[in-house]
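Read off the chains here:
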Amino acid sequence: MRRVILQSDQEPAIIASKDKLQELGDIEVILEESPKYESCCNGEIENSVRQLQGHTRTMRNQFEANYGLPLDRESSLAPFLIQHAGDTINRYRLGEDGKTAYQRLKGRCYRGDTFEFGECVDYLIPGA
């Protein structure tokens, strides 16, 4: 039997997800809830969300300045912006141990190319 742990602050959406998963039958769902009105229990997560929001906002502002186009929440580019912001944080932001999240996961520094969000990149398709 597979086990899934969902952490929540009594959010109805998480509780509904737990109920739906349990209906599937072969999944054990453990719901860990932080005490009500104790936001300090979620401090690390809230800080990560705040960092991602700030980084996303910075990248969106840079995109709008470069191209003179608005990039709002309903844009088809918005999910890619959020993903790129998260990837950038994981690859380059140092933690208290002096390592990035990428280094902790892979055991080495990220060595791939990184581009600014929305930057035009010329490339050749191999064999074409």
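For the structure, check the block above.
The following paragraphs examine the structure supplied in this document.

1. Let's talk about the packing of aromatic side chains
Next up, step 1: Using the criterion set out here, one finds four aromatic pairs in the structure.
Next up, step 2: Note on Phe63 and Tyr67: the rings are 5.1 Å apart at their centroids and 45° apart in plane angle, and the pair reads as tilted. Of this pair, Phe63 and Tyr67 both sit in helix H2 (residues 43-67), separated by four residues, roughly a single helical turn.
Next up, step 3: Plain terms: the ring middles of Phe63 and Phe117 are 5.7 Å apart, the flat faces sit at 55° to each other, and that makes the pair tilted. Pair noted here: Phe63 is in helix H2 and Phe117 is in the segment after helix H4 (101-106), with a separation of 54 residues, a long-range link.
Next up, step 4: For Phe63, a relative accessible area of 8% translates into the label buried.
Next up, step 5: For Phe117, a relative accessible area of 11% puts it in the buried group.
Next up, step 6: Through pairs of rings, three or more aromatic residues link up here, namely Phe63, Tyr67 and Phe117.

2. Concerning the environment of Val121
Next up, step 1: Here Val121 lies in the segment after H4.
Next up, step 2: For the pair Val121 and Ala65, spaced 56 residues apart in sequence, the C-alpha separation works out to 18 Å.

3. So, helix H3 (residues 78-92)
Next up, step 1: A rise of 1.5 Å per residue sets the reference length of H3, with its 15 residues, at 21 Å; its end C-alpha atoms lie 21 Å apart and thus fit the reference within 8%.
Next up, step 2: Taken together, the buried positions of H3 are occupied by Ala78, Leu81, His84, Ala85, Gly86, Thr88 and Ile89.
Next up, step 3: Of the surrounding secondary structure, the elements contacted by the buried residues of H3 are H2.

4. Some remarks on the pairing of strand S1 (residues 2-8)
Next up, step 1: Bridge count for S1 against strand S2 (residues 27-33) is seven bridges, and the pairing is parallel. Bridge pairing links Ser8 to Glu33 in S2.
Next up, step 2: With helix H1 (residues 12-24) bridging S1 and its parallel neighbour S2, the resulting β-α-β unit is right-handed.

5. Observations regarding a negative patch on the surface
Next up, step 1: On the surface, a cluster of negative charge is contributed by Asp9, Glu11, Glu33 and Glu46.
Next up, step 2: Turning to its location among the elements, Glu33 is positioned in strand S2.

6. Regarding the nonpolar core
Next up, step 1: With six residues, the main nonpolar core is built from Met59, Phe63, Leu71, Leu81, Ala85 and Phe117.
Next up, step 2: Of all the secondary structure elements, the ones that give two or more residues to this core are H2 and H3.

The rules behind these values
- Residues numbered from 1 in each chain as written.
- Predicted model: local features only at pLDDT ≥ 70, side-chain atom pairs only at ≥ 80, totals over all residues.
- Heavy atoms only, no water.
- Phe/Tyr/Trp six-rings, centres within 6.5 Å; stacked < 30°, edge-to-face > 60°.
- Helix = DSSP H or I, 4+ residues; strand = E, 2+ residues; numbered from the N terminus.
- Buried < 20%, exposed > 50% of the residue type's maximum accessible area, 1.4 Å probe, protein only.
- Expected span 1.5 Å × (residues − 1).
- Contact = heavy atoms within 4.5 Å.
- Pairing = 2+ DSSP bridges.
- Right-handed = clockwise from strand over helix to strand, strands pointing away.
- Patch = residues over 30% accessible without salt bridge, like charges linked within 9 Å, V, L, I, M, F, W, Y side chains within 5 Å.
- Areas by Shrake-Rupley, 256 points an atom, 1.4 Å probe, with all protein chains shown as cover.
- Salt bridge = Lys/Arg side-chain N within 4 Å of Asp/Glu carboxyl O.
- Lys, Arg positive; Asp, Glu negative; His and termini not counted.
- Charge placed at Lys NZ, Arg CZ, Asp CG, Glu CD.
- Core = buried A, V, L, I, M, F, W, Y, C linked by side-chain atoms within 4.5 Å.

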